[in-house]
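# Structure assessment
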Amino acid sequence: MYIIVAGGGKVGFYLTKTLITEGYEVLLIEKNPAKCDIYMEQFGAAIMQGDSAEASTLQEAGAARADVVIAVTGEDEDNLVICQVAKERFEVKRTIARVNNPKNEQMFRTLGIDATVSNTNVIMNMIEQQIPELPFVHLLALKHEELAIVEVKVSPKSEVVNHEIQHIRFPRDVIITAMLRRGELIIPSGQTVIEPGDELIVVTRRAQEEQLRRLLTIDAT
Amino acid sequence: MRILILGCGRLGARLAMDASAAGHEVAIIDKDPRSFSRLPGDLNAVIVLGTGIDEDVQRSAGVETVDTFIAVTDNDNTNIMAAQIAQKVFHVENVLLRVYDPARAETYQSLGLTVICPTRLVADVIERELPDFNLSSDMTGL
Amino acid sequence: MYRRILVPVHGGALDHYAIDLAASIADHKGGTDLTLVYVVEVPQRLSLDSDLPCEIEDGESVLQEARRFAESIKGVKWRKIATELLQARMASSAIVDESIERGAEAIVLASANRRRRGSLTQGETVPFILDHAPCTVMLVRPTTLDGNL
């Protein structure tokens, strides 16, 4: 499987590193030549300098034979255009865009992007869900319009702070799949105590999204 | 006519002034407050500070009731995304956008947007002014 | 004196400079194993294992020519001349990897000044090899640019 990663920020860098370790053929495209020189030391031929939104760059990168194009720059408009150009001009089967502004998630789907993500781990899962023998397949349900993955940062003043997950009254149909605490990945259990600033990755029904956000981000008082 | 312009650079400001002088209702969006200094103080237009690729910003500029949306920031991708929001989400009747990169212009033209590519336009004019310029393609045309 | 030398070749008169230099540092008593390497660089738009019959054919003939030239040098004792045709994304890292695999004591290569985007450069291959090869590296940059250079 050949994967093109567009955008060599932190997400792009670590994603590329992980994908190479997993044994995929990967190419990271980064605009900034100085950054490319640094990455070249680590990735060798798996790095290319260029503007991924330009058709000529994608052509040189071999987009026509790519199975997946993942756009993870810091700009939503760039990620959208990279994915659309990959799809329209090079008929890339699967395009994944990083969404920096969560409001754009729905928008990107409307505009034909196959999947949107806001977190490296979730991107990994989406790639892996293509391989049938892995047990991650449930993420396919994401295609269902009612479902959403949301990333929420817990406000220090939220009522859930310092409570075990099992004792928090979440809205119905909400699952906390993972959390990031000071950059560490935690797979939570019922006994996990929520700390202020934890970033929760939650699978939920879209209808519950707003209620969930309110619970986690709004001042309890 | 109601016109929403995204990008208050030289072109956006020019269009806003012309449209307003012609008696149209004008709104203009830009993310940089300094860019509005290009507009005359007495211009009758709705001015909105914000990024054009945000639905809510477009909404507050009245996108739901405009007939025409024109995206002319200096960033191709911003114009492309903003134009698609206006077209696909708000169903604006006329959506025009500027795209400098000819390849991208072609891609989005084929997706049903009205794309204006200055690079292509200027190249065409220059090539028309220089009759010998296109010799090779003329010859292949024979 | 070096007993295992690797010489990257890519066709043309420069190859002779490199092979000549290799011969002059070879072990004249015990003999030297010479490995001639040609790398077919596969562009990213193609998969690494693509069939590239023309490039492979070119490479084979360059290697044969280089071997003939090496054999024609008088007074040098080649214990063995091996030719290796590699298909890789980057010639530089393929050459370094090959030198490690073969336990080469020296890599000898020739290069010419080139201009790219207006400025003078040795390309990417030479600096990478200088930076990464675990053995001695010798570089010839001839003054006379003759032949098809």
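That block above? That's the structure.
This text gives an overview of the structure that appears in the document.

### Regarding the interface of chain A and chain B
Between chain A and chain B, the residue contacts involve 19 residues of the former and 19 residues of the latter. Buried area between chain A and chain B, both sides added, is near 1,600 Å², and the carbon and sulfur share of it is 56%. Looking only at chain A, the three residues that lose the most surface to chain B are E77(A), K103(A) and M107(A), adding up to 31% of its buried area. Viewed at the interface, chain B and chain A are joined by 9 residue pairs in polar contact (both at pLDDT 80 or more). Going through the elements one at a time, α4 (76-90) and α5 (104-110) of chain A are the ones with two or more residues in the side of chain A that touches chain B. Residues that form the side of chain A that touches chain B fall into these classes: 8 nonpolar, 3 polar and 8 charged.

### Observations regarding the interface of chain A and chain C
Counting residues at the interface gives 11 residues for chain A and 7 residues for chain C. Carbon and sulfur atoms supply 54% of the area buried between chain A and chain C, which totals about 690 Å² over both sides. Across the chain A-chain C interface, the total number found is 1 salt bridge. The partner of R89(C) in a salt bridge is E25(A), with the nearest N and O atoms 2.9 Å apart. Counting residues per element, the ones that place at least two in the side of chain A that touches chain C are β2 (25-30) and α3 (55-60) of chain A. Within the side of chain A that touches chain C, the residues separate by chemical class into 4 nonpolar, 3 polar and 4 charged.

### What to know about the packing of helix α1 (residues 14-25) of chain C against helix α2 (residues 53-72) of chain C
All names here are of chain C. Where α1 contacts α2, the two axes come as close as 10 Å, and the packing angle between them is 45°. Viewed along their axes, α1 and α2 adopt a mutual orientation that is oblique. α2 is crossed by α1, and the crossing has right-handed handedness. Residues D15, H16, I19 and D20 of α1 form the contact with α2, whose own contacting residues are V62, E65, A66, F69 and A70. Here the contact of α1 with α2 is composed, by residue class, of 5 nonpolar, 1 polar and 3 charged.

### Some thoughts on the arrangement of the chains
Ranking by contact count across 2 pairs of chains in contact places chains A and B at the top. There is no contact between chain B and chain C; across them, the least C-alpha separation is 18 Å.

### So, the sheet that holds strand β2 (residues 32-41) of chain C
Sheets are built from strands that pair by backbone hydrogen bonding, the pairs being arranged parallel or antiparallel. Residues and elements named next belong to chain C. Spatially, the 5 strands line up as an open sheet ordered β3-β2-β1-β4-β7, and their pairing is parallel. Of all strands in the sheet, those with a lone pairing partner are β3 (78-88) and β7 (136-140), marking the two edges. Direction aside, neighbouring strands of the sheet carry axes that sit 20° apart on average. Summarising the sheet, strand β4 (residues 106-110) and β7 pair through 5 bridges and their orientation is parallel. Its bridge partner being in β7, I107 is matched across the sheet by V137. Running over the sheet, helix α3 (residues 91-101) touches β1 (4-8), β2, β3 and β4 and is turned about 155° from β2.

About the thresholds
- Residues numbered from 1 in each chain as written.
- Chains lettered and ligands numbered in written order.
- Predicted model: local features only at pLDDT ≥ 70, side-chain atom pairs only at ≥ 80, totals over all residues.
- Heavy atoms only, no water.
- Contact = heavy atoms within 4.5 Å.
- Buried area = accessible area lost by both parts, 1.4 Å probe.
- Polar contact = N/O pair within 3.5 Å; in protein donor to acceptor, adjacent residues only side chain to side chain.
- Helix = DSSP H or I, 4+ residues; strand = E, 2+ residues; numbered from the N terminus.
- Nonpolar A, V, L, I, M, F, W, Y, C, P; charged D, E, K, R; others polar.
- Salt bridge = Lys/Arg side-chain N within 4 Å of Asp/Glu carboxyl O.
- Axes fitted to C-alpha atoms, helices over the stretch in contact; angles between N-to-C directions.
- Parallel < 35°, antiparallel > 145°, perpendicular 65-115°, else oblique.
- Left-handed = near helix turned anticlockwise from the far one by under 90°.
- Pairing = 2+ DSSP bridges.

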